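Structure at a glance
These are the residues of each chain, in order.
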Amino acid sequence: MSAHSKQVMQVVQRSMERWGVVIAFVALFAFSTFQQGSDFFNAENFRALLNSNAAVGILAVGMTLVIISAGIDLSVGSMVALAAAIGTTVMNSLIGSGSSEVTAVLVGGAVTVLVGLAAGSLNGILVVYGRIAPFIATLGGLAAFRSIALAIADAGEIRSQSATLFSALGRGGLPLPGLENSAGRPLTLSYSTVIFFVLAAIGQWVLSRSRFGRHLVAVGANETAARYAGISVSWVRLRVYALMGLLAGVVAFIQSSRMNSVSTAQLGLGSELDAIAAVVIGGTSLRGGFGRVWGTVVGVLILGMITNMLTISGVSPHWQGAVKGAVIVIAVLVQRSSRE
Amino acid sequence: MHLGATLRFVSARSSRTGIFRSAALSAERVTVEFPGVRALDCVSLDFHGGRIHAIVGENGAGKSTLMRVLSGAMRPTAGAISLDGRVMRFVQPADAIRAGISMVHQELNLVRTLDIAENVMLGREPTRTIGLRVDRAKQRTRARELLGVLGSELNPDTPASDLSIAQAQFVEIAKCLASDARVLIFDEPTAVLGERESKRLFSVLRRLRDDGRAIIFISHHLDEVVAIADEITVLRDGKVVDSFARATDGTIRSIDGVIADEGMVANAMVGRPLASIYPEKGVAIGDQVVIELVDFGAQGCSHGINLQVLPGEIVGLAGLIGSGRTESAEAIVGLRPRTGSVRIGGRDERLSSVREAMAAGVVYVSEDRKGRGLHVTLSSMINLTLPSLDSCTEFGGLRVDTGSEVAIGDRWIKAFSIRCARPHAPISFLSGGNQQKISLARWLETKPRVLIIDEPTRGVDVGARAEIYRIIAELAREGLACIVISSELSEVIGLAHRALVMRGGVIAGELSRERLARADAQECIVRIASGVLEEGLVQR
């Protein structure tokens, strides 16, 4: 191969590495539009698509940071269930004991988020001070958090006792001027979607513009070298797991308010895998040391679009896993070949 | 599998009875290019069976690259490798091994959880019951036979994890013999050995040579090379610059037939008189001790170290690998637990982490650039500002001020003339010299008072070496207290105001500036380091 064409190849590879996920998104978007026309390409569908993927998206933002630090968190789905179960129980008992609805929802929400933070910190402590591999430590969490949630509700559902406020938060959103749904009501961008985008933006900032982000990358790329450069590896890792837990708490609040109840057996089930998949599709290296939050956001949208497309075209939901699996494997293959 | 294993046995046996097919391995116009560097430039060399061929050259001369090409670990950009006149296209080391070319790596590659016999026969286990079961008895006998060829009486049942480095090396060689190697490549085999062990290794090399094998051997120790090699090739900047061969009378002679010694080989390696690459030594400024070690030690590695360094002084720390130099340095900056105390500017300091050490003005530049000193997958910019990142963050670390970060990076890139095409590209493709400048610059940015630099020119080419020496001398002249750890004696002698020699975790001797200036300083350091000279301290 001549030197020139080699250079061209390198440029192509480098841009594939950087923009591959965007190209995939555009291609999939074009394909869906072409295939399904206005069934896919309408504001109401986009709203639903975003709304139903915001929760996984928020988890994926945190997961991106965890994976960049060369870690992983398998417990996030169970963490969501646990935080939602405890938070909603607290809220209900406050309402039962005569507190105002506002107080109950606020306190319940705070408890939800704090339980997430605590569970995440526990993961961090196990990884940092217990010196347990993140995969194993959080595998423990995956089993344990879910089990505690099930025990609290006796494997059943916890219905919210909040008359209106809780679900109003969960179902509400910011009105989008000039857009209406098929029933002629003004279309809203759900709060969960707004929170997802805001957190993603913060996540990207933290990663690329803050000292913590720089340290995350350094620890993920080479832990020993990070230690030799004077970075407190333990503190960095502890914080990233705690942050992940905090985000799981936020997701727990979003999900339980949206459903106005918590199904301890179902809530967040398998969402750790969706989150990890989105991170990988987004171009973050599973080996750590390299990644980007915006790529993860695109990854979430790609996964969401696939589900959306299959649903619209009436493909049995049982097939969705197979298609998603294929996409994940292809994404990793493309990235690996371009990086070597 | 089973049949193949048997056939191998037969051919390997024949080797020991002396009817060994001798090999001729040739490199023909081999060129290897890395981005920005030509590591090998049109190298043509022949290696013959029954000869020990030493390759010498400075760090970065291309020795390791050549060995990697010969052993199939790397494909040349241009040129070819041929064995017995047939051009070989090795894609991976396994291809070379199959062709009879084995490499004994510097870092030994034994599987620690297996025993010697299993390691020796790894990948070619003798089997029985149509290849389904490993024949343990045969495996053991065979391993013992191969070790016997080397004159070693190690028990094949010993777990690999129990072996000393020298023993592991023997097992590694036996492993090569098991694969029927006709060409054996040794990458600095004596670097990790003591003197007696080295002698033993040499007798093994001679024995293997006398069997008709071609031995290729890299070493930094020219005395060894002159003693053992039948042929010596000198590489410099990726080119073959000179060669020597042993004449029938046993002397080493240059191409024009002049009897050669170590000095001649050394001059050929460097290509210019050695002294010129070292800057003039400045004088220590003032008498206020900057850093003082009192009865200091790295737990389990060194002890009883007392040392004072003045501003502007460069103290060399010599000694063999494993003598506790690096460990002690790491203990000073809080990377290891320590005993004794460290005083900075007269005050006892805890320095329990790199951060605290940095705050007190003590920094350590690691010898292991790729594993510890730098993040090779990250950019020049990130590497340059990582330790001093706090100085360009705002709002409690929430925002890194990229403007001032880029300014810091650019300043160092300019000051040290670091050649990096794109400051935001990973540094893995930079040359050793440029990487070393980055790992030095990142610590200087923290404005230290004490610089501990470990093997400052390991893997650095000659040109960048001179620059690094100049930088260190310059820093000292500006009042920095420097401790230079080096295994290269000429470096210690050429750079330091005085030198300490460590052996077995203690300071075994000290050479003053005057003593370092004497012609036999190098020899003196070697003697102290190897324990020949016990009363090193008297030698001031």
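Residues numbered from 1 in each chain as written. Chains lettered and ligands numbered in written order. Predicted model: local features only at pLDDT ≥ 70, side-chain atom pairs only at ≥ 80, totals over all residues. Heavy atoms only, no water.

The next thing to look at is the overall build of chain A. Counting secondary structure elements, chain A contains 13 helices and 4 strands. Relative to the 2.2 N^0.38 estimate, which gives 20 Å for 340 residues, the radius of gyration of chain A is 21 Å and therefore close to what a compact globule would have. Counting contacts in chain A only where the partners sit at least 6 residues apart, residues at least 24 apart contribute 77% of the total. Split by element, the accessible area of chain A, about 15,100 Å² in all, is 67% carbon and sulfur. (Helix = DSSP H or I, 4+ residues; strand = E, 2+ residues; numbered from the N terminus. Rg over C-alpha atoms; globule rule 2.2 N^0.38 Å. Contact = heavy atoms within 4.5 Å. Areas by Shrake-Rupley, 256 points an atom, 1.4 Å probe, with all protein chains shown as cover.)

Helix and strand content of chain B: 19 helices and 25 strands. Here the C-alpha radius of gyration of chain B, 25 Å, is about what a compact globule of 540 residues would show, namely 24 Å. Expressed as lengths along the three principal axes of its C-alpha atoms, the size of chain B is roughly 70 × 55 × 50 Å. When each of the 540 residues of chain B is scored for burial, the buried share is 54%. Residue pairs in contact within chain B that sit at least 24 positions apart in sequence constitute 67% of those at least 6 positions apart. Of the roughly 23,300 Å² of accessible surface on chain B, a fraction of 52% belongs to carbon and sulfur atoms. (Buried < 20%, exposed > 50% of the residue type's maximum accessible area, 1.4 Å probe, protein only.)

Next up on the list: the domain arrangement of chain B. Each domain of chain B was delimited in the assignment, giving domain 1 (3-107 + 167-270), domain 2 (111-162) and domain 3 (291-530). Inter-centroid distance (C-alpha atoms) of domain 2 of chain B to domain 3 of chain B is 44 Å. (Domains from an automatic or database assignment.)

Here arginine 131 of chain A, not a glycine, exhibits a phi torsion of approximately 50°, which is positive. For arginine 131 of chain A, the location among the structural elements is in the loop between α4 (101-128) and α5 (134-153). Unlike most non-glycine residues, arginine 29 of chain B shows phi in positive territory, near 45°. One can find arginine 29 of chain B in strand β1 (residues 24-34).

Okay, helix α8 (residues 211-221) of chain A next. All names here are of chain A. Among the 11 residues in α8, 9 count as buried, and that is most of the element. Of the residues making up α8, those classed as buried are Phe212, Gly213, Arg214, His215, Leu216, Val217, Ala218, Val219 and Gly220. The opening residue of α8, the one whose side-chain oxygen lies 3.4 Å from the backbone nitrogen of phenylalanine 212, is serine 210. (Polar contact = N/O pair within 3.5 Å; in protein donor to acceptor, adjacent residues only side chain to side chain.)

Next up on the list: the interface of chain B and chain A. It is common to give the size of an interface as the accessible area lost on bringing the parts into contact. On the side of chain A, 21 residues touch chain B, which itself brings 30 residues to the contact. Here chain B and chain A share an interface that buries about 2,100 Å² over both sides, 54% of which is from carbon and sulfur atoms. Counting the surface chain B buries against chain A, the share from its top three residues, Leu335, Arg372 and His375 of chain B, is 24%. Remark: the boundary between chain B and chain A carries 2 salt bridges. (Buried area = accessible area lost by both parts, 1.4 Å probe. Salt bridge = Lys/Arg side-chain N within 4 Å of Asp/Glu carboxyl O.)

Right, let's get into the pairing of strand β2 (residues 173-180) of chain A. Along any regular strand the residues' side chains alternate between the sheet's two faces. Looking at chain direction, β2 of chain A and strand β3 (residues 186-190) of chain A are connected through 4 bridges and run antiparallel. By the bridge assignment, leucine 174 of chain A is partnered in β3 of chain A with leucine 189 of chain A. (Pairing = 2+ DSSP bridges.)

Let us now look at the nonpolar core. Counting 85 residues, the largest nonpolar core has Ile291, Val362, Leu451, Ile452 and Ile525 of chain B as the members making the most contacts within it. In terms of residues, this core owes the most to one element, helix α16 (residues 462-477) of chain B, which gives 7 residues. Contacts of isoleucine 525 of chain B, omitting those with residues within four sequence positions, involve Ala318, Leu489, Val492, Ile493, Val501, Leu511 and Leu516 of chain B. In this structure, Val61, Val115, Ile231 and Ala252 of chain A belong to the second largest nonpolar core, which totals 78 residues. (Core = buried A, V, L, I, M, F, W, Y, C linked by side-chain atoms within 4.5 Å.)

A few words now on the pattern of salt bridges. Residue and element names in this part refer to chain B. Evaluated as defined, the whole model comprises 38 salt bridges over all chains. Note that arginine 142 is salt-bridged to glutamate 145, the shortest N-O span being 2.9 Å. Taken together, the residues arginine 142 and glutamate 145, both in helix α5 (residues 136-149) and 3 residues apart, mark about one turn of the helix. By relative accessible area, arginine 142 is classed as buried at 3%. Residue classification places glutamate 145 among the partly exposed positions, given a relative accessible area of 25%. Two residues, glutamate 367 and arginine 458, come together in a salt bridge whose shortest N-O distance is 3.3 Å. Taken together, the residues glutamate 367 in the loop between β19 (362-365) and α12 (369-373) and arginine 458 in the loop between β22 (450-454) and α16 connect sequence positions 91 residues apart.

Glancing now at a nonpolar patch on the surface. Residues and elements named next belong to chain A. Together, Val8, Val12, Met16, Trp19, Ile23, Ile330 and Val334 make up a nonpolar patch on the protein surface, roughly 590 Å² of accessible area in all. Counting residues per element, the ones that place at least two in the nonpolar patch are α1 (3-36) and α13 (320-339). For isoleucine 330, the position within the fold is in helix α13. (Patch = residues over 30% accessible without salt bridge, like charges linked within 9 Å, V, L, I, M, F, W, Y side chains within 5 Å.)

All names here are of chain B. The strand order across the open sheet built from 6 strands is β19-β22-β23-β16-β24-β25, with neighbouring strands paired in mixed fashion. Of all strands in the sheet, those with a lone pairing partner are β19 and β25 (506-511), marking the two edges. Geometrically, the sheet is characterised by an average inter-axis angle of 20° between neighbouring strands, direction not taken into account. In the sheet, β22 pairs with strand β23 (residues 481-485) via 5 bridges, with the strands oriented parallel. Each bridged residue has a counterpart across the sheet, and for valine 450 the counterpart in β23 is alanine 481. Along the sheet face, helix α15 (residues 432-444) touches β19 and β22 and points at about 170° away from the line of β19. Packing of helix α19 (residues 521-530) onto the sheet brings it into contact with β16 (314-319), β24 (498-503) and β25, and relative to β24 it is tilted by some 30°. (Axes fitted to C-alpha atoms, helices over the stretch in contact; angles between N-to-C directions.)

Now for the sheet that holds strand β4 (residues 78-83) of chain B. Residue and element names in this part refer to chain B. Judged by pairing direction, the sheet is antiparallel, and its 4 strands sit side by side in the order β2-β1-β4-β5 without closing on themselves. Whereas interior strands pair on both sides, the edge strands pair on one side only; in this sheet they are β2 (37-48) and β5 (86-88). Averaged over all adjacent pairs, the angle separating strand axes in this sheet is 30°, with direction ignored. As paired strands, β1 and β2 are joined by 8 bridges and run antiparallel to one another. The partner of glutamate 33 across the bridge, within β2, is arginine 38. Along the sheet, helix α2 (residues 63-70) makes contact with β1, β2 and β4, crossing β2 at roughly 60°.

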